[in-house]
Amino acid sequence: MYLNELDQFVKHELKEKYYIRYTDDFVIIHHDPQYLWELKNRIGLFLQSRLRMELHPNKVSVRKYAQGIDFLGYILLPHAQLVRTKTRRRILKKIRERIRDFKNEKISEESLSQSISSYFGVLSHADSHELQQHIKHTIWSL
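Residues numbered from 1 in each chain as written. Predicted model: local features only at pLDDT ≥ 70, side-chain atom pairs only at ≥ 80, totals over all residues. Heavy atoms only, no water.

A. A look at the overall build of the protein chain. Summing up its helical and strand segments, the protein chain has five helices and five strands in all. The order of α-helices and β-strands along the protein chain, N terminus first, is α-β-β-α-β-β-β-α-α-α. Expressed along its principal axes, the backbone C-alpha trace of the protein chain runs to roughly 55 × 30 × 25 Å. The buried share of the protein chain, reckoned over its 142 residues, is 30%. In the protein chain, 45% of the contacts between residues at least 6 apart in sequence involve partners at least 24 apart. Surface exposure of the protein chain reaches about 10500 Å², of which carbon and sulfur atoms provide 50%. With 24 positive and 17 negative side-chain charges, the protein chain shows a separation of 4 Å between the mean positions of the two kinds. (Helix = DSSP H or I, 4+ residues; strand = E, 2+ residues; numbered from the N terminus. Buried < 20%, exposed > 50% of the residue type's maximum accessible area, 1.4 Å probe, protein only. Contact = heavy atoms within 4.5 Å. Areas by Shrake-Rupley, 256 points an atom, 1.4 Å probe, with all protein chains shown as cover. Lys, Arg positive; Asp, Glu negative; His and termini not counted. Charge placed at Lys NZ, Arg CZ, Asp CG, Glu CD.)

And the structure:
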């Protein structure tokens, strides 16, 4: 709710059509990189003056859409959505831990199943068929 003011500023004052925000992460898509840098400066000034916040200096980037946009654990490309490598590794590690906990009787089969279903839910938003097959193979081989 705190960043609703940012949403209103970007949508109504800057009139950005391709703006997406989830919690404190946001993306603006535009064809002109110089324009995006100008927007970054305007948004930075707005955040400082109205919300007493700052853009993280190491987390702001302007890139070509074809290079992919790193957003919420996914890499968004013009014709694909991929799971970020770090996210993929974390999911595989957590599944192995949950399987180990199940084998050591620290968690129930139901809990293990719910965890795996949750990860498959995350993966369902990406082009991740091969990764899902790898996870299924990992589950069956352990």
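That shown, we press on.
B. Region of interest: unusual backbone geometry. Here the phi dihedral of threonine 23 falls at roughly 50°; this positive angle occurs in a residue that is not glycine. Mapped onto the secondary structure, threonine 23 falls in the loop between strand S1 (19–22) and strand S2 (25–28). The exposure class assigned to threonine 23 is partly exposed, which follows from its relative accessible area of 47%. In this structure, arginine 52 is a non-glycine residue whose phi angle is positive, near 55°. By the secondary structure assignment, arginine 52 is in the loop between helix H2 (33–51) and strand S3 (69–71). Residue arginine 52 is classed as exposed on the basis of its relative accessible area, which comes to 78%.

C. Focus on the layout of surface pockets. Roughly 1200 Å³ of internal volume is contained in the largest pocket. Along the walls of the largest pocket sit 38 residues, with Phe26, Val27, Lys59, Val60 and Ser61 positioned nearest its centre. When residues of the lining of the largest pocket are assigned to their parent elements, the largest contribution, six residues, is made by H2. Grouping the constituent residues of the lining of the largest pocket by class yields 20 nonpolar, seven polar and 11 charged. (1 Å grid on protein atoms, 1.4 Å probe; cavity = no way out; pocket = protein on both sides within 12 Å on 5 of 7 lines; lining within 4 Å. Points joined across faces, edges and corners; volume = space filled by probe spheres on them. Nonpolar A, V, L, I, M, F, W, Y, C, P; charged D, E, K, R; others polar.)

D. Summary view of the packing of aromatic side chains. Applying the stated criterion across every chain yields a total of two aromatic pairs. Here the aromatic rings of phenylalanine 9 and phenylalanine 46 are separated by 4.2 Å at their centres, their planes lie at 5°, and the arrangement is stacked. Of this pair, phenylalanine 9 sits in helix H1 (residues 4–13) while phenylalanine 46 sits in helix H2, and the two are 37 residues apart along the sequence. Across the pair, exposure class does not vary: phenylalanine 9 and phenylalanine 46 are buried alike. Note on tyrosine 19 and phenylalanine 26: the rings are 5.9 Å apart at their centroids and 50° apart in plane angle, and the pair reads as tilted. (Phe/Tyr/Trp six-rings, centres within 6.5 Å; stacked < 30°, edge-to-face > 60°.)

E. Looking closely at a nonpolar patch on the surface. On the surface, Tyr18, Ile20, Ile29 and Tyr65 cluster together into a nonpolar patch covering about 360 Å² of accessible area. A relative accessible area of 48% places tyrosine 18 in the partly exposed class. (Patch = residues over 30% accessible without salt bridge, like charges linked within 9 Å, V, L, I, M, F, W, Y side chains within 5 Å. Salt bridge = Lys/Arg side-chain N within 4 Å of Asp/Glu carboxyl O.)

F. Structural view of the packing of helix H3 (residues 85–103) against helix H4 (residues 109–123). Packing of H3 against H4 leaves a shortest axis separation of 9 Å and a crossing angle of 170°. Here H4 runs roughly antiparallel to H3, going by the angle between their axes. Judged by residue contacts, Ile91, Lys94, Ile95, Arg98, Ile99 and Phe102 of H3 engage Glu109, Ser111, Leu112, Ser115, Tyr119, Val122 and Leu123 from H4. Residue composition of the contact of H3 with H4, grouped by class: eight nonpolar, two polar and three charged. (Axes fitted to C-alpha atoms, helices over the stretch in contact; angles between N-to-C directions. Parallel < 35°, antiparallel > 145°, perpendicular 65-115°, else oblique.)

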